[in-house]
Every structure is written in C-alpha cells, then in structure tokens.
Amino acid sequence: RRRRPRPWWRVERGMGMILSNSGAVGGRHGVLVEWLNACCGREVTAEASEITRSKPFERKPPLQAPRRPSLLQASGHANGLHKDTSNPSFILKTYDAVEARNYETIHKVDSGDPIQSFVGTYGGVVTLDETGAASPDQAPKKFLRIGNLLVGKENPCVMDCKLGTRTFKESEVTSKKQRTDLYANMLKLDPGQLTDEERNLGAITKHRFMSARDAMSSSSTLGFRIGGICSQEGQRADKTKELQKLREASDIVPMLLRVLPSHICNDPQVNVRRRLARTKDIIRQLEELSAALQESPFFSSHECIGTSVLFVVDKETAHVHLIDFAKTEPLPDGIQIDHRSVWTPGNHEDGVLTGVESLLTLWNQALAVLQDEIASKMLVDQELARQTDQVEELLKANGVDTKALCSDKGRSHEELVWELQVERSASLELDGKGGIRRAVEIVKAWIIADAGPDEKGEMSPHVLMDEARQSPFARKLVAGESWEEALRRALSEQMGLTPAQQARHFRVEMSSYMMRHEERMGHARGGFPGLNSLYHVHEVDVHVVDPLHPELACMGLPSGGNFSTVLNFNLLLGSEVKHWSWRPKSETCHAARGTVAGFPRGSRPTEQTKLLQPSISRACTSPKDALLDNGLWPGTEGPCARAIFQLLRAAEWLGNAS
C-alpha cells in the first residue's frame with residue numbers, strides 16, 4: 001500500500017509546543033532494581049526511567065509524482081460537483097437559475113466589476129446525463145459550467161469559509177414549514193435547545209435550525225465559519241467534533257493553518273519558509289478582496305447569503321476565491337446595506353464584510369504565531385546543528401554506518417537528534433557488544449469490536465488497524481506516563497473520545513497484558529538505517545463494550561467502515577491525516593501473540609529484563625566521541641539514566657568481585 005508523506009519531525013503534544021516535559025517513568029526499570037537487589041544484596045535507588053517517550057513517527061516515502069487535480073469538496077451538498085470530461089479547465093455544478101444569473105451578471109464583458117478576478121470563470125449552462133456525456137436520452141440534467149479552481153495545483157488543500165453573520169434568507173424567517181430532517185439534525189447538533197413543543201412535533205422550521213447553527217458557531221460573532229478543510233488525503237478537520245461549534249478566535253487561528261501544506265520536502269527549513277510565504281499570500285489576497293468588494297457594483301446591490309471564501313493552497317501558491325451564489329439576491333428597491341451592520345428582520349444586512357475583515361484579522365494573528373514559532377525554532381536549530389555533528393561522530397565511532405542516515409530513503413541525523421533532545425522520545429544506550437542502540441517504549445492496543453455484518457450477515461470480531469503501518473493502534477509513551485495513561489491520551493487525541501467516554505465504551509483486558517522486548521536493525525520503513533533499536537512494547541487487548549453506541553460512530557462503528565482522523569499538529573509543519581480500517585480478527589496477527597519468549601499472555605517476563613544489561617565497553621577513543629560517564633548520550637542522563645548507570649556499575653562491581 002502506498003503511504004502518505006509527512007514531516008520528518010513534529011511536536012504533537014499540543015498546539016505549537018516545541019519541548020516536551022521530561023520526568024519519571026518506571027515499569028521495567030523497577031524490575032531491574034528488584035533483580036539487582038536480589039543478586040547483589042545491596043540497596044539500589046529505584047529512580048524511575050527517563051528514557052524519553054513520545055508519539056510514533058511513521059515513515060513515509062518521497063512525494064509521488066503530481067496527479068491530475070481531482071474534485072475536492074470541503075463543504076456543501078454531496079454529489080453537487082462533477083468533472084467536465086470535455087474540458088478539465090471547468091467543473092459542472094448542479095444548475096440553479098439564481099446562481100446562473102449571478103455568474104452572468106458578474107462576468108459581463110462591459111461590467112468591469114473588480115470581484116471578477118476572485119470568481120471562477122463562467123462557461124454557461126450545459127445539458128448532460130449523469131455520466132457527463134452529451135445526453136440524447138430521456139432524462140438530461142442541466143449544469144453550470146464554472147472554472148476549475150484546482151487546475152495547475154499540485155496536491156492542493158482547500159478550505160471553505162461560509163461568509164456572513166446569518167446563513168438564512170429573509171423569506172425563510174416567516175416560513176412555517178416544519179421539517180423532520182432538520183429536527184434530526186438539531187438532535188445531533190444540540191438537543192438541549194429543542195423545546196417540548198418541538199420534541200412533541202418532531203419537526204422544526206428551516207429558520208429555527210439555521211439560526212441555531214449560526215449562533216453556536218463563529219458566524220454570529222465573527223461573520224464567518226469554517227465549513228470544511230480537505231485535501232486528496234481526506235478531511236483535515238472533523239466537521240462534527242472540531243468545526244461545528246468552533247466559535248472563539250483563539251481556537252480558529254490554529255485551525256486556519258491546517259489548510260497550509262504540511263509536507264513539502266525533507267528539508268524542514270524549506271517547509272517552514274513556504275508555509276510562511278503561503279500565509280502572506282493569503283493575507284495579501286484577502287486585503288485585495290476586501291477592497292474589491294467595497295468597490296463592486298454587484299456586491300453593493302446584492303444581499304449575499306451563503307457565499308463562501310474558498311482557499312486553495314499548494315506548496316507554491318495560495319489563492320482566495322468567492323464561490324456559491326445560489327442565495328445571492330438583488331436588494332429590494334430603496335434598500336441599501338453596508339454588509340457590516342447588525343441584522344434585524346427587514347434590513348437585509350448580511351455581515352459579509354464583517355466576515356472578510358475577521359478572516360483578515362485572524363490570518364494576521366496566524367502569521368504572528370508562525371513568526372514567533374520560527375524565532376523559537378531558530379534558537380533550537382542552532383543547538384540542533386551542533387548536536388547533529390556530535391551525534392554523527394558518536395555513531396561513526398561506535399560502528400554505525402551513517403551513510404544510510406544521509407540517504408533520502410532513511411530518516412536523517414537531524415531527526416534522530418530531534419527525537420533525542422527535543423521530543424525526548426528515545427535514548428541511546430550501550431548494547432553490551434561495544435556499540436550503542438536506540439531505545440523506545442510503546443503501548444500497542446488491540447482494539448476489538450463486533451462489527452459487520454460479514455458475508456454471512458453476522459457480526460464478528462474485528463480489530464482496528466492503522467492502514468499506513470498495517471498494525472494495531474499504537475503510541476509511544478511520553479515522559480512521566482504509564483502505558484495506561486498513554487493509551488488514554490492516544491484515544492483522546494486520535495479518536496476525540498473523552499476519558500468518561502473511554503470508561504463507558506472500552507474494557508481493557510488486563511489478563512491479556514504482555515511486555516516484550518524487540519531489538520532490530522533500522523531500515524528505510526522503520527527506525528534509523530544502520531542503527532539498532534530496542535523496543536519495549538506494552539501490549540494489551542481492549543474490547544469495545546457496545547459497538548452500536550452512537551458515540552462510537554466516529555470510529556466507523558457498528559458497520560466497521562474505514563475512517564480517517566487528523567493528528568494534532570505543529571503550527572509550523574502542519575497536520576497529518578491517518579486512515580483506519582476494521583479487519584476481521586482472523587486476518588490480523590492477533591492470534592499469533594499468545595506467548596512472548598516463552599512467557600504466557602498475562603504474565604510479566606521479569607527474567608527477560610536480564611537482556612537489558614549492557615556492558616561498559618566503549619568504542620569511542622576521544623572525549624569528543626565518547627559517551628557521557630553514565631554511558632548515555634547527552635540529554636538522556638536524567639533520573640532513569642542515573643538509575644541504569646547505578647545498575648551497570650553495580651553489575652560490573654559484582655562481576656569483578658566474583
């Protein structure tokens with residue numbers, strides 16, 4: 001399976017954080033202490049581990065060759081857009097007479113309206129069948145042919161921002177038509193707002209629903225709301241969990257940045273510079289759009305409801321467009337609006353300029369955030385550059401082939417240093433053979449649910465699998481965490497489930513718990529090429545109590561369908577879409593994990609820890625190349641490193657004494 005490119009480093013423990021906190025962790029080192037006390041008859045301080053921990057990196061192959069732009073729809077009605085097979089410079093949108101009239105008015109040759117440059121080109125009305133071919137059959141459909149805004153873009157991302165302080169028309173305010181579908185939507189949006197009368201009726205008016213939705217979002221306060229963000233990888237923001245009630249400016253700023261390219265090349269400096277450049281492009285065009293709207297004859301004479309700003313961004317360009325004119329109507333005679341004033345019934349104010357100006361303000365705030373991040377990162381990079389040279393020399397002195405780390409196929413020296421020093425997600429330790437190895441600690445959860453139906457029409461056990469890694473749900477531990485805490489955090493960040501929801505819907509089978517240790521050489525798809533990695537894996541089964549519960553629909557249950565999530569992201573390098581699937585338990589490796597190194601499931605292989613007794617041999621011959629006196633790379637010499645060093649020294653003393 002092809003996997004998606006991603007940044008070579010990322011800080012994911014919250015927006016914009018650069019440094020993760022270090023602290024005490026224990027687990028397997030407590031077993032070492034217990035073993036040493038028993039063997040040596042001496043008291044050893046059981047200081048906890050500072051093998052640093054974090055979320056997992058997932059290696060991605062280089063960017064694929066540019067693909068022909070496909071249709072990306074961030075928001076709006078599904079199946080409303082179609083490819084124009086006769087001309088890829090256009091797309092086909094379901095015909096609407098009002099929207100057709102507005103496109104014709106805006107693009108009149110003699111109008112010279114300044115908003116023309118922000119509105120897609122107009123190719124008239126065509127009659128086609130559903131397949132897109134010229135239709136002689138009995139059921140032709142009419143479509144608007146409008147400009148394809150993705151032409152010439154390489155792997156673009158689009159964001160739809162609905163403009164205006166209201167998204168309903170004046171005529172809809174007085175409509176008394178009751179709709180059961182909007183009642184169902186209101187139940188999902190906020191059932192607490194429904195009155196007893198509406199519950200008894202089981203229906204609400206369109207104005208009731210749309211005004212409630214506007215009030216819950218930033219439409220009522222800022223004059224716009226984010227309708228969706230998507231790329232060819234999928235949605236970059238969950239509409240239900242993240243966007244639906246997004247209201248505060250402080251929450252919207254980092255969300256805006258998700259439209260920026262998250263991965264451009266393997267050079268992080270290039271990534272940062274281009275994200276900064278695209279932000280400046282957007283600000284410039286929003287300023288031009290604001291000026292064009294205020295000078296536009298069309299805009300001054302129309303009430304614009306449901307109009308959106310569409311941001312189209314790839315690694316080289318960013319463009320701002322105006323789209324959606326199906327609810328844009330000429331103002332009644334004698335009515336003038338400024339598109340900023342507060343709406344009251346009958347005054348026809350829409351708040352569109354309020355929305356554009358709010359977007360401009362928030363994008364300027366986003367630029368300031370990025371610049372602050374860059375200033376902080378430059379200080380970090382100066383130290384990283386120095387430490388990168390040191391770790392390269394250290395690896396060479398200990399027999400590690402550093403050429404593999406310099407290739408495009410593997411992870412780089414810089415990424416290793418970032419992992420050691422900034423994210424603190426790993427440590428370097430002696431391997432007992434005169435060399436060094438990388439050590440990390442992981443929790444792997446086999447999340448099992450009865451999903452389906454299968455080909456027999458029955459529900460059967462399925463396991464949640466990461467499509468890119470072809471493995472179950474897994475996460476590295478961060479400093480100070482137990483594996484249980486790491487699992488709760490991962491479910492919260494990846495699936496959007498609160499601790500209370502996790503307690504209701506998941507049952508951790510402690511009898512299935514295992515801890516195993518794997519040492520393997522890194523390669524292009526995992527670890528670091530040429531460097532051995534020692535993985536301490538906490539493995540456990542997690543059962544879904546009730547797959548039919550609606551709160552688990554975000555995980556593709558109960559049907560067991562594929563779904564995607566967006567990882568928490570760093571403001572400089574962006575977000576990442578992860579794809580998940582439910583596989584029949586029999587098709588996964590779950591059945592093969594009954595024992596580990598001869599230890600049955602549910603046991604803690606304490607004797608296995610004897611494998612973690614590295615000797616004190618060193619291959620380094622000069623102070624510059626040498627490890628610290630505690631045998632570990634600088635920056636990993638915390639409480640755990642000191643505890644391990646005490647164990648090593650005591651073991652050496654015991655060997656000399658015997």
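Residues numbered from 1 in each chain as written. Predicted model: local features only at pLDDT ≥ 70, side-chain atom pairs only at ≥ 80, totals over all residues. Heavy atoms only, no water.

1. Points about the packing of helix 4 (residues 180-189) against helix 6 (residues 206-216)
Inclusion rule: Only C-alpha atoms enter the line fits that serve as axes; for helices the fit covers just the stretch in contact. Angles between N-to-C directions range over 0 to 180 degrees. Numbering goes from the N terminus for both helices and strands, where a helix is a DSSP run of H or I of at least four residues and a strand is a run of E of at least two. Any angle between 65 and 115 degrees counts as roughly perpendicular, while under 35 counts as roughly parallel, over 145 as roughly antiparallel, and the rest as oblique. Helix crossings get a hand from a simple test, with the near helix turned counterclockwise from the far one by less than a right angle marking a left-handed crossing and a clockwise turn marking a right-handed one. Contacts are assigned to residue pairs with any non-hydrogen atoms lying within 4.5 Å of each other. Three classes are used: nonpolar for Ala, Val, Leu, Ile, Met, Phe, Trp, Tyr, Cys and Pro, charged for Asp, Glu, Lys and Arg, and polar for all others, with Gly counted as polar.
Contact geometry of helix 4 with helix 6 gives a least axis separation of 10 Å together with a crossing angle of 25°. Classed by the angle they form, the pair helix 4 and helix 6 counts as roughly parallel. Both helix 4 and helix 6 take part in a crossing whose hand is left-handed. Facing Leu 182, Asn 185, Met 186 and Leu 189 of helix 4, the residues of helix 6 in contact are Lys 206, Arg 208, Phe 209, Ala 212, Arg 213 and Met 216. For the contact of helix 4 with helix 6, the class distribution of residues is six nonpolar, one polar and three charged.

2. Some thoughts on unusual backbone geometry
Leaving glycine out, the prevailing phi sign among residues is negative, and the prevailing peptide bond configuration is trans. What counts here: Exposed residues in this analysis have more than 50% of their type's maximum accessible area, buried residues have under 20%, and partly exposed residues fall in between, with area computed by a 1.4 Å probe over protein chains only.
Omega for the bond connecting Leu 557 with Pro 558 falls within 30 degrees of zero, at 5°, which places this linkage in the cis form. As for its position among the elements, Pro 558 is in the loop between strand 17 (532-544) and strand 18 (563-570). One non-glycine residue, Asp 324, lies in positive phi territory at about 65°. Turning to its location among the elements, Asp 324 is positioned in the loop between strand 10 (318-323) and strand 11 (329-330). Unlike most non-glycine residues, His 339 shows phi in positive territory, near 65°. Relative to the helices and strands, His 339 resides in the loop between strand 11 and helix 12 (352-397). On the accessibility criterion, His 339 (3% relative accessible area) is buried.

3. Focus: the side chain of Lys 578
Filter applied, for reference: Any pair of nitrogen or oxygen atoms within 3.5 Å is treated as a polar contact; in protein, a donor-acceptor pairing is required on top of that, and neighbouring residues in sequence qualify only through side-chain atoms on both sides.
By the element assignment, Lys 578 lies in strand 19 (residues 574-584). Within polar-contact distance, the side chain of Lys 578 engages the side chain of Asp 466 at 2.8 Å.

4. Some points on the sheet that holds strand 2 (residues 90-94)
Put simply, the test is: Two strands are said to pair when DSSP picks up at least two bridges between them.
One open sheet accounts for four strands, arranged 1-2-4-3; its pairing is antiparallel. Of all strands in the sheet, those bounded by a partner on one side alone are strand 1 (81-83) and strand 3 (122-128). The average undirected angle you get between the axes of adjacent strands in this sheet is 35°. Strand direction decides the pairing type here: strand 1 and strand 2, joined by three bridges, are antiparallel. By the bridge assignment for strand 2, Lys 83 is matched with Ile 91.

5. Describing the confidence of the model for the protein chain
Convention followed: Confidence scores labelled pLDDT are given residue by residue by the predictor and lie between 0 and 100.
Overall, the predicted model of the protein chain reaches an average pLDDT of 76, with 69% of residues at or above 70. Note that residues 1-70 has pLDDT below 50 and, in this model, 222 contacts with residues that lie over four places away or in other chains.

6. Considerations on the packing of aromatic side chains
Each pair of aromatic rings is reported with the distance of its centres and the angle of its planes. Rules: Stacked, tilted and edge-to-face are the three classes assigned to paired rings of Phe, Tyr and Trp, where Trp is represented by its six-membered ring and a pair needs centres within 6.5 Å; plane angles under 30 degrees give stacked, over 60 edge-to-face, the rest tilted. A ring is considered to have a charge above it if a Lys NZ or an Arg CZ atom is located within 6 Å of its centre and within 35 degrees of its normal.
Evaluated as defined, the whole model comprises six aromatic pairs. A ring pair is formed by Tyr 103 and Tyr 122, whose centres lie 5.5 Å apart and whose planes are at 15°; its orientation type is stacked. In this pair, Tyr 103 sits in helix 2 (residues 97-106) while Tyr 122 sits in strand 3, placing the two residues 19 residues apart along the sequence. The exposure class assigned to Tyr 103 is buried, which follows from its relative accessible area of 3%. Taking 5.5 Å as the distance between ring centres and 90° as the angle between the ring planes, the aromatic pair formed by Tyr 103 and Phe 325 counts as edge-to-face. Here the residue Tyr 103 occupies a position in helix 2, and Phe 325 occupies one in the loop between strand 10 and strand 11, the gap between them amounting to 222 residues. Here Tyr 103 matches Phe 325 in class, with each residue buried. Among the aromatic side chains, those forming a connected cluster through ring pairs are Tyr 103, Tyr 122 and Phe 325. In this structure, Lys 142 is placed above the aromatic ring of Tyr 95, and the distance from its NZ or CZ to the ring centre is 4.2 Å. Lying over the aromatic face of Phe 168, Arg 166 brings its terminal NZ or CZ to 5.9 Å of the ring centre.

7. Points about the pattern of salt bridges
Our working definition: Between Lys or Arg on one side and Asp or Glu on the other, a salt bridge is scored when a side-chain nitrogen of the former is within 4 Å of a carboxyl oxygen of the latter.
A complete count under the given rule lists 27 salt bridges for this structure. Linking Glu 170 and Arg 166 is a salt bridge whose minimum nitrogen-to-oxygen distance equals 4.0 Å. Residue Glu 170 is classed as buried on the basis of its relative accessible area, which comes to 15%. A residue is classified by how much of its surface remains accessible, and Arg 166, at 1% relative accessible area, is buried. Measuring nitrogen to oxygen at the nearest pair gives 2.5 Å for the salt bridge that ties Arg 166 to Glu 303. Linking Arg 166 in the loop between strand 5 (157-163) and helix 3 (170-173) with Glu 303 in strand 8 (residues 302-303), this pair joins segments that are 137 residues apart in sequence. Looking at Glu 303, the relative accessible area reads 7%, which means it is buried.

8. Details of the nonpolar core
Quick reminder of the rule: Buried residues of nine kinds, namely Ala, Val, Leu, Ile, Met, Phe, Trp, Tyr and Cys, make up a nonpolar core once their side-chain atoms join them within 4.5 Å.
Counting residues in hydrophobic clusters, the biggest one holds 55 residues, and the most contacted among them are Ile 226, Phe 311, Leu 359 and Trp 363. By residue number, the principal contributor to this core is helix 12, which donates 10 residues. If we skip the residues at most four places from it in the chain, Leu 359 touches Cys 161, Leu 163, Phe 224, Leu 256, Leu 286, Val 309 and Phe 311.

9. Overview of the pairing of strand 9 (residues 308-313)
Of all six residues in strand 9, six are buried, a share of seventy percent or more. Neither face of strand 9 is exposed, since Ser 308, Leu 310 and Val 312 on one face and Val 309, Phe 311 and Val 313 on the opposite face are all buried. The sheet contact formed by strand 5 and strand 9 spans six bridges and is antiparallel. For Met 159, the partnering residue across the bridge sits in strand 9 and is Phe 311. When strand 9 meets strand 10, the two strands line up antiparallel, connected through six bridges. Residue pairing for strand 10: Val 309 is matched across the bridge by Leu 322.

10. Points about helix 4
Spelled out, the test is: The arc in question is traced by the directions running from the helix axis to the C-beta atoms.
Turning to helix 4, its buried residues number three or more, namely Leu 182, Tyr 183, Met 186 and Leu 189. With its buried residues spanning 120° around the axis, helix 4 presents them on a single face. Looking at helix 4, the residues exposed on the side facing more than 90 degrees away from the buried face are Thr 180 and Lys 188. Of the surrounding secondary structure, the elements contacted by the buried residues of helix 4 are helix 5 (196-201) and helix 6.

11. With respect to the environment of His 549
Within the element layout of this structure, His 549 appears in the loop between strand 17 and strand 18. What makes His 549 partly exposed here is its relative accessible area of 26%. In the structure, His 549 is positioned 44 residues away from His 505 in sequence and 8.3 Å away in space, judged by C-alpha atoms.

12. Focus on the environment of Lys 206
Tracing the sequence through the fold places Lys 206 in helix 6. Using a relative accessible area of 27% as the deciding quantity, one classes Lys 206 as partly exposed. Through-space distance from the C-alpha of Lys 206 to that of Val 173 is 8.2 Å; in sequence the pair is 33 residues apart. The contact partners of Lys 206, leaving out residues within four places of it in the chain, are Glu 172, Lys 177, Arg 179, Leu 182 and Lys 327.

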